[in-house]
Amino acid sequence: MKDKRIIIGSDHGGYELKSYIIEQLKDEYEINDVGTHSLDSCDYPIFAREVAEGVASGSYERGIVICTSGEGVAIMANKVKGIRCGIGYNEEVAHLIVEHNDANMLSMGAKYLSHEEALKIVREFLNATHLGGRHEKRVNLIKEFENNQY
């Protein structure tokens, strides 16, 4: 699956989990790590925005953002037009946000997940496929609203 390109970013609260995820996936995916690259305090919106813009531009199929809770990075990512970022707090939800909501980004809270749990969540997210059908209508309603906002 090296033909799949993903982009990932975190703040200092998600740095260690991000590093672990990258290490586990590097042989399967082409990964762009936009930072942060240390445990030094930093501003999560910078990294979440860069990941979201990479996905929205079409350069990457999926994006992953990580902070302490997963909330802040999700809020920031969802400000970028074309992004549907859901918080993956378990494997089932990570699968459903793609199947039902056509999510193109996943956020996670490093404080609340073990590295092993997070990896399972990421794999579910990356391997899920949007079902379309009745769900497509709902995703289109979201897109329509988004397109008429500005």
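The structure reproduced in this document is the subject of the present report. Since the structure is predicted, the reported quantities are computational estimates derived from the model, not experimental observations.

Focus: the sheet that holds strand β1 (residues 5-10)
So, point 1. As summarised here, the arrangement of the five strands in space is β2-β1-β3-β5-β4, forming an open sheet in which the pairing is parallel. Because the sheet does not close on itself, it has two edges, and the strands there are β2 (30-33) and β4 (85-87). Along the sheet, successive strands turn relative to each other by an average axial angle of 20 degrees, direction set aside.
So, point 2. Pairing of β4 with strand β5 (residues 105-109), which is carried by three bridges, proceeds in the parallel orientation. Looking at the pairing, Gly86 lines up with Leu106 of β5.
So, point 3. Across the sheet, helix α4 (residues 91-99) touches β3 (62-67), β4 and β5, and the angle it forms with β5 is around 155 degrees.

Things to note about α4
So, point 1. Turning to α4, its buried residues number three or more, namely Val93, Ala94, Ile97, Val98 and Glu99.
So, point 2. Buried residues in α4 make contact with β3, β4, β5, α5 (115-127) and α6 (134-147).

Brief notes about the pairing of β3
Along a regular strand, successive side chains alternate from one face of the sheet to the other.
So, point 1. For β3, the tally of buried residues reaches six of six residues, placing the bulk of the element in the interior.
So, point 2. Taking every second residue as pointing to the same face, both faces of β3 are buried, with Arg62, Ile64 and Ile66 on one and Gly63, Val65 and Cys67 on the other.
So, point 3. Summarising the sheet, β1 and β3 pair through five bridges and their orientation is parallel. Of the residues in β3, the one forming a bridge with Ile8 is Ile64.

Notes on the packing of aromatic side chains
So, point 1. Applying the stated criterion to the full structure yields zero aromatic pairs.
So, point 2. Against the face of Phe125 rests Arg62, its NZ or CZ located 5.1 Å from the ring centre.

Considering the pattern of salt bridges
So, point 1. By the definition in use, this model includes six salt bridges.
So, point 2. Notably, a salt bridge pairs Glu30 with Arg5, separated by 3.0 Å at the nearest N-O pair. Pair noted here: Glu30 is in strand β2 and Arg5 is in strand β1, with a separation of 25 residues, a long-range link.
So, point 3. Under the relative-accessibility criterion, Arg5 is labelled partly exposed at 29%.
So, point 4. Of the charged contacts in the structure, one is a salt bridge between Asp102 and Arg84, with a shortest N-O distance of 3.3 Å. Of this pair, Asp102 sits in the loop between α4 and β5 while Arg84 sits in the loop between α3 (71-77) and β4; the two residues are 18 residues apart in sequence, bridging distant segments of the chain. Both residues of the pair, Asp102 and Arg84, count as buried.

Cut-off values and rules
- Residues numbered from 1 in each chain as written.
- Predicted model: local features only at pLDDT ≥ 70, side-chain atom pairs only at ≥ 80, totals over all residues.
- Heavy atoms only, no water.
- Pairing = 2+ DSSP bridges.
- Helix = DSSP H or I, 4+ residues; strand = E, 2+ residues; numbered from the N terminus.
- Axes fitted to C-alpha atoms, helices over the stretch in contact; angles between N-to-C directions.
- Contact = heavy atoms within 4.5 Å.
- Buried < 20%, exposed > 50% of the residue type's maximum accessible area, 1.4 Å probe, protein only.
- Phe/Tyr/Trp six-rings, centres within 6.5 Å; stacked < 30°, edge-to-face > 60°.
- Lys NZ or Arg CZ within 6 Å of the ring centre and 35° of its normal.
- Salt bridge = Lys/Arg side-chain N within 4 Å of Asp/Glu carboxyl O.

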